[in-house]
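For reference, the chains in residue letters:
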Amino acid sequence: MPPFDSARFTLWLPQLLCAAFLAILFLQSGLDKVVDWKGNLGWLTGHFAKSPLKGVVTPMLAVITLMELAAGALSAAGAVALVATGSPFLAYLGAVLSAVSLLALFFGQRMAKEYAGAAVLVPYFVVALAGVYLLRLS
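In this report, we go over the structure that sits alongside the text. Everything quoted here is computed from the prediction, not taken from an experiment.

## Some remarks on the packing of helix α1 (residues 7–35) against helix α4 (residues 89–111)
- Orientation of α1 relative to α4, taken along the N-to-C sense of each, is 50°, at an axis distance of 10 Å. On the basis of their axis angle, the class for α1 and α4 is oblique. Taken as a pair, α1 and α4 cross one another with a handedness that is left-handed. Residues A19, L22 and F26 of α1 form the contact with α4, whose own contacting residues are A91, A95, S98, S101 and L102.
- A per-class count over the contact of α1 with α4 returns six nonpolar, two polar and no charged.

## A short note on the packing of aromatic side chains
- Inspection of every chain in the model, using the stated rule, returns three aromatic pairs.
- When the centroid spacing of 5.6 Å and the interplanar angle of 35° are considered together, the rings of F9 and W12 count as tilted. Linking F9 with W12, this pair stays in helix α1, spanning three residues, or about one helical turn. Just as F9 is buried, W12 falls in that class too.

## Regarding helix α5 (residues 115–136)
- For α5, which comprises 22 residues, the first-to-last C-alpha distance of 32 Å matches the rise-based estimate of 32 Å (1.5 Å per residue) to within 8%.
- Approximately 30° is the largest bend angle found in α5, and it occurs at P123.
- Taken together, the buried positions of α5 are occupied by G117, A118, L121, A128, G131, V132, L134 and L135.
- Tucked into the core, α5 has its buried residues touching α1, α3 (57–84) and α4.

Basis of the calculations
- Residues numbered from 1 in each chain as written.
- Predicted model: local features only at pLDDT ≥ 70, side-chain atom pairs only at ≥ 80, totals over all residues.
- Heavy atoms only, no water.
- Axes fitted to C-alpha atoms, helices over the stretch in contact; angles between N-to-C directions.
- Helix = DSSP H or I, 4+ residues; strand = E, 2+ residues; numbered from the N terminus.
- Parallel < 35°, antiparallel > 145°, perpendicular 65-115°, else oblique.
- Left-handed = near helix turned anticlockwise from the far one by under 90°.
- Contact = heavy atoms within 4.5 Å.
- Nonpolar A, V, L, I, M, F, W, Y, C, P; charged D, E, K, R; others polar.
- Phe/Tyr/Trp six-rings, centres within 6.5 Å; stacked < 30°, edge-to-face > 60°.
- Buried < 20%, exposed > 50% of the residue type's maximum accessible area, 1.4 Å probe, protein only.
- Expected span 1.5 Å × (residues − 1).
- Bend = angle between axes of the 7 residues up to and from the residue.

Coordinates in, geometry out; function isn't part of it.
This is how it looks when you write it as structure tokens:
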């Protein structure tokens, strides 16, 4: 951790906050899918029933679950690395995978014609992009 009164701290703190935010977001979401696989699969099957994606709900759920867990784990490890060593590399990878995961979720919502649900994802995507930008500055 850089000294509080240093110029480096001004960049480090938003980097850490983005990494922590993305870790919480994606670990909770991914773990929820693992713990309640049947419930999520049932809901998503109905959600995509009238979309071109109706035949691939199970593999989509598996892929997005793995992507979310990986994004969350990388972001969490990146937050720890930022505190322990100051290295933003893992957090950067977490932010990139977070952005890709959000694009996949956004695509699914648009294909299901769930426009309000797609719009809700936009602020999360902005945070992920901010993380990508901030973590690449180091």
